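Tertiary structure, described
Below, each chain spelled out in residue letters.
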Amino acid sequence: MEEFHKVRRLPPYVFEQVNRLKASARAAGADIIDLGMGNPDLPTPQSIVDKLCEAVQDPRTHRYSSSKGIPGLRRAQAAYYARRFGVKLNPDTQVVATLGSKEGFANMAQAITAPGDVILCPNPTYPIHAFGFLMAGGVIRSISVEPDDTFFGPLERAVRHSIPKPLALILNYPSNPTAQVATLDFYKEVVAFAKKHDIIVLSDLAYSEIYFNDAPPPSVLEVPGAIDVTVEFTSMSKTFSMPGWRMGFAVGNERLIAALTRVKSYLDYGAFTPIQVAATQALNGDGSDIAEVRNIYKRRRDVMVESFGKAGFEVPPPAATMFAWAKIPEKFRHLGSLEFSKLLVEKADVAVAPGIGFGEQGDDYVRLALVENEHRIRQAARNIKKFLSTADETMHNVISLNAHR
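These lines cover the structure that appears in this document, whether it is placed above or below. (Residues numbered from 1 in each chain as written. Predicted model: local features only at pLDDT ≥ 70, side-chain atom pairs only at ≥ 80, totals over all residues. Heavy atoms only, no water.)

Here we look at the overall build of the protein chain
In terms of regular secondary structure, the protein chain is built from 13 helices and twelve strands. The C-alpha radius of gyration of the protein chain comes to 22 Å, within 12% of the 22 Å expected for a compact globule of 405 residues. Each of the three principal axes of the protein chain carries a C-alpha extent, and together these read 65 × 55 × 55 Å. In the protein chain, which comprises 405 residues, the proportion classed as buried is 56%. Nonlocal contacts in the protein chain, meaning residues at least 24 apart in sequence, comprise 76% of its contacts between residues at least 6 apart. Carbon together with sulfur atoms contributes 53% to the accessible area of the protein chain, which is approximately 18,000 Å² in total. (Helix = DSSP H or I, 4+ residues; strand = E, 2+ residues; numbered from the N terminus. Rg over C-alpha atoms; globule rule 2.2 N^0.38 Å. Buried < 20%, exposed > 50% of the residue type's maximum accessible area, 1.4 Å probe, protein only. Contact = heavy atoms within 4.5 Å. Areas by Shrake-Rupley, 256 points an atom, 1.4 Å probe, with all protein chains shown as cover.)

A closer look at the packing of aromatic side chains
Counted under the stated rule, the structure contains 18 aromatic pairs. Ring geometry for Phe-313 against Phe-340: centres 6.1 Å apart, planes inclined by 85°, an arrangement best described as edge-to-face. One end of the pair, Phe-313, is in the loop between α11 (288-310) and β9 (323-327); the other, Phe-340, is in helix α12 (residues 337-348), and 27 residues separate them in sequence. Residue Phe-313 shares its accessibility class with Phe-340, and that shared class is buried. Ring plane angle 45° and centroid distance 5.6 Å describe the contact between Phe-332 and Phe-340, whose orientation is recorded as tilted. (Phe/Tyr/Trp six-rings, centres within 6.5 Å; stacked < 30°, edge-to-face > 60°.)

Concerning the environment of Pro-243
Mapped onto the fold, Pro-243 is located in the loop between β7 (230-235) and β8 (248-252). A sequence separation of 201 residues divides Pro-243 from Leu-42, and the C-alpha atoms of the two residues are 9.9 Å apart. Among residues more than four places away in sequence, those in contact with Pro-243 are Asn-39, Pro-40 and Ser-237.

Some words on the packing of helix α3 (residues 46-56) against helix α10 (residues 273-283)
Where α3 meets α10, the closest approach of the two axes is 8 Å, and the angle between their N-to-C directions is 145°. Read as a crossing pair, α3 and α10 show a hand that is right-handed. The segment α3 lies against α10, with Ser-47, Ile-48, Lys-51, Leu-52, Ala-55 and Val-56 engaging Pro-274, Ile-275, Val-277, Ala-278, Gln-281 and Ala-282. Of the residues assigned to the contact of α3 with α10, the class counts are nine nonpolar, two polar and one charged. (Axes fitted to C-alpha atoms, helices over the stretch in contact; angles between N-to-C directions. Left-handed = near helix turned anticlockwise from the far one by under 90°. Nonpolar A, V, L, I, M, F, W, Y, C, P; charged D, E, K, R; others polar.)

Quick look at a negative patch on the surface
Negative charge collects at one region of the surface, where Glu-146, Asp-148, Asp-149 and Glu-189 lie side by side. Along the chain, Asp-148 falls in the loop between β4 (139-143) and α7 (152-160). (Patch = residues over 30% accessible without salt bridge, like charges linked within 9 Å, V, L, I, M, F, W, Y side chains within 5 Å. Salt bridge = Lys/Arg side-chain N within 4 Å of Asp/Glu carboxyl O. Lys, Arg positive; Asp, Glu negative; His and termini not counted. Charge placed at Lys NZ, Arg CZ, Asp CG, Glu CD.)

A few points about the pairing of β8
Among the five residues of β8, five are classified as buried, and the element is accordingly described as predominantly covered. Summarising the sheet, strand β2 (residues 95-98) and β8 pair through four bridges and their orientation is antiparallel. Considered in β8, the bridge of Val-96 is made with Ala-250. Of the pairings in the sheet, the one linking β7 to β8 comprises five bridges and is antiparallel in character. Of the residues in β8, the one forming a bridge with Ser-235 is Gly-248. (Pairing = 2+ DSSP bridges.)

Some details on the sheet that holds β4
An order of β2-β8-β7-β6-β5-β3-β4 is seen for the seven strands of this open sheet, with the pairing classed as mixed. Single-partner strands in this sheet number two, and they are β2 and β4. The average undirected angle you get between the axes of adjacent strands in this sheet is 20°.

Concerning the pattern of salt bridges
Within this structure, the stated rule accounts for 19 salt bridges. For Arg-74, the salt bridge goes to Asp-92, with nearest N and O atoms at 3.4 Å. Residue Arg-74 is located in helix α4 (residues 71-85), and its partner Asp-92 is located in the loop between α4 and β2; the two are separated by 18 residues in the primary sequence. For Asp-228, the salt bridge goes to Lys-195, with nearest N and O atoms at 2.9 Å. On the criterion of sequence distance, the pair formed by Asp-228 in the loop between β6 (200-204) and β7 and Lys-195 in helix α8 (residues 184-197) is long-range, its members being 33 residues apart. With relative accessibility at 48%, the residue Asp-228 sits in the partly exposed group. Three or more residues are tied together by salt bridges with common partners; here these are Asp-31, Glu-372 and Arg-376.

Some words on unusual backbone geometry
Generally, phi is negative for residues other than glycine and the peptide bonds are trans, each holding for most cases. Omega for the peptide link from Ile-163 to Pro-164 comes to 0°, which places this bond in the cis form. Along the chain, Pro-164 falls in the loop between α7 and β5 (168-172). Here the amide bond leading from Tyr-173 into Pro-174 is cis, since omega sits at -10°, within 30 degrees of zero. Even without being glycine, Arg-246 reaches a positive phi, approximately 55°. Structurally, the position occupied by Arg-246 is in the loop between β7 and β8. On the basis of relative accessibility, which here comes to 32%, the residue Arg-246 falls in the partly exposed class.

Considerations on the sheet that holds strand β11 (residues 353-354)
The strands making up a sheet are joined through hydrogen bonds of the backbone, oriented either antiparallel or parallel. On the basis of which strands lie adjacent, the open sheet formed by three strands has the order β9-β12-β11 and antiparallel pairing. Every other strand in the sheet has two partners, leaving β9 and β11 as the edge strands with one partner each.

Brief notes about the packing of helix α5 (residues 100-112) against helix α9 (residues 254-267)
The contact between α5 and α9 brings their axes to 9 Å, and the two run at 105°. Of the possible angle classes, the one that applies to α5 and α9 is roughly perpendicular. Residues Glu-103, Gly-104, Asn-107, Met-108, Gln-110, Ala-111 and Ile-112 of α5 pack against Leu-256, Ala-259, Leu-260, Val-263, Lys-264 and Leu-267 of α9. Here the contact of α5 with α9 is composed, by residue class, of eight nonpolar, three polar and two charged. (Parallel < 35°, antiparallel > 145°, perpendicular 65-115°, else oblique.)

Purely spatial values, then, with no claim about function.
Encoded structure:
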């Protein structure tokens, strides 16, 4: 039977090919070190779990919740933005709770997109940034992911040559997958550009608290007047090690938040109330839980950069996020990221995310997630070193390592 229209518009989910190979290898007894999926392995802080357990004992919390988030949770998110970014938000009109930032992005796309609307989207980027708008009937025009002066020339051309004029510009800093971080000066130029061309800015700030130097990543909403054109998405998944809890937020422009809130009101009753209560406590905490998570990822990052480098697989140290974005060793680059990722599972018992899954501009790279402990990361490096050092002998009758794409 012919595929349905919206399903037909979606490209193949390339990560599934690696996932199937990984599952098959594990079923055969292989010990796969999984650096592929960005699924945090750290436990949610005990104080948050305890608050959930306390709240769930109240039968009143078992009823339908609020789609836009309970008032205390929205106030806590507004207070977080005030402390962290110096941004004042009205929790009643400028904050909505989402079921993770991914759901928020997808439903914002449903709320604002007409068939054929053009969306300016970084390439490479997190898949929902493009897929959410494709499912809503939009058209994606790829732009550079570099947060510097080279960003704006191609952006100007994209606006000038897009028909119809682009509806929205997607930002993702710190970036998943590239781990690049934007500056406040960059955001100032983006806001000026968006206002000049009457374009909505949608900023994904899911990794705002996972950074490894003394300069915390800024919010685009820190720019005066940014709220006139901007909605920003955050998530508690990585910051508080709460991925399965599905809790995130959209904040910013009242008109856009109202549109998202209305769409969500038709689709869900919000997260389970005890989860929202526990999330409220997390946001109102002293920040020590966040600092501990950040330190663990930093130690893992340093171990990965050192051990993989010694293994012959150079990994540039990311300034932020729980990922490293590494170029495929030159000998294997002609294979492309999907085939190289399959090889690592088959020959080194290591799973990574192929860069092609984040856009065609990522095909020379793989994404490495810091979701295994330091011992396992070192083991992955040893496995890869053995594979790289013996590849000429073990693969000469399998594939040409000197072929060109």
